[in-house]
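A closer look at the structure
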Amino acid sequence: MILIPAIDIMEGKCVRLTKGDFNTKEVYYENPVDVAKMWQELGAKRIHVVDLDGAKQGHLVNGNVIEQIIKNCKAEIEVGGGIRNRETIDYLFSAGVKYVILGSAAIYDEDLLLYSLSNYGGRTIVGIDSKNGEVAVSGWLEKTKIKDIELAKKMKEIGVKTIIFTDISKDGTLNGPNFKALENILKTSVQVIASGGISSMEDLKKLKEMGAYGAIIGKALYSGKINFKSALEVI
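Note that the structure is predicted; figures quoted are calculated from it, not measured.

**Remarks on the UniProt feature "active site" (unreviewed entry) in the protein chain**
Per the UniProt record, "active site" (unreviewed entry) is annotated on Asp8 and Asp129. Mapping Asp8 onto the fold places it in strand β1 (residues 2-10). Given the relative accessible area of 17%, Asp129 is considered buried.

**A short note on the packing of aromatic side chains**
Note on aromatic pairs: each is described by the distance of the centres and the angle between the planes. Inspection of the entire model under this criterion finds 5 aromatic pairs. Aromatic pair Tyr28 and Tyr222: ring centres 5.3 Å apart, planes at 40°, arrangement tilted. A residue pair is termed long-range when its members are at least 10 positions apart, and Tyr28 in strand β3 (residues 21-29) and Tyr222 in helix α10 (residues 219-222) qualify at 194 residues. Under the relative-accessibility criterion, Tyr28 is labelled partly exposed at 25%. The rings of Tyr28, Tyr29, Trp39, Tyr222 and Phe228 are connected pair by pair, giving a single aromatic cluster. Across the ring face of Phe179, the terminal group of Lys206 is positioned such that the distance to the ring centre comes to 4.3 Å.

**Some words on the environment of Val160**
Inspection of the secondary structure assignment puts Val160 in the loop between α7 (148-158) and β10 (162-167). Take Val160: its relative accessible area is 3%, and that puts it in the buried class. Along the sequence, Val160 and Val15 sit 145 residues apart, while their C-alpha atoms lie 29 Å from each other. Sequence-distant contacts of Val160, that is, excluding residues within four places in its chain, are made with Leu113, Leu117, Val126, Met155 and Val190.

How each quantity is defined
- Residues numbered from 1 in each chain as written.
- Predicted model: local features only at pLDDT ≥ 70, side-chain atom pairs only at ≥ 80, totals over all residues.
- Heavy atoms only, no water.
- UniProt positions renumbered as here; feature names shortened; annotations may be inferred.
- Helix = DSSP H or I, 4+ residues; strand = E, 2+ residues; numbered from the N terminus.
- Buried < 20%, exposed > 50% of the residue type's maximum accessible area, 1.4 Å probe, protein only.
- Phe/Tyr/Trp six-rings, centres within 6.5 Å; stacked < 30°, edge-to-face > 60°.
- Lys NZ or Arg CZ within 6 Å of the ring centre and 35° of its normal.
- Contact = heavy atoms within 4.5 Å.

As structure tokens, this is what we get:
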């Protein structure tokens, strides 16, 4: 199982939210580039970068910061937030991003998803953000009536290899992941990267036992609940 530190960018800074609420913003570092370099030095092979402003506004906002992260890091960079057209996908891949994460676009623009899959294959990841079993989009501000498990099944049929599954009600709470929901998503037999609520080594061990492909760790790292280097050694 791969361990992936998260860097959420808002107004050019590294922040964390609780349950996706933009009003709960906590700034941890002024410069996300320094944070990416720190995680790389501690052993991260992949880093999860989210443009929160982009997710909210529907278009990439912090592209310049993402470019600087790529230029200063050898770790693989996966990027999500505000990726809603072909130009943005092409721009990110040409800038050196390893994986692009489609969330809202995967639901509302199947042609865009198919474009990314046909041109970039397994480097296209779909982010499924769920609350009470239903998918939320647009930076988690808008809830749909789509069942997360049904969307996961559909994504597999289309050809998506990897899904990032986030339970919004758990994200940033340090209360542990929604293991039951993850168990259901894992049954679809896509590669699942777990996100949201991971707060301890026990959480990581359980995710590995369940068969998760990866785990994205955010607030637990920034608050010191999980030591990344120790986690790498154990997992």
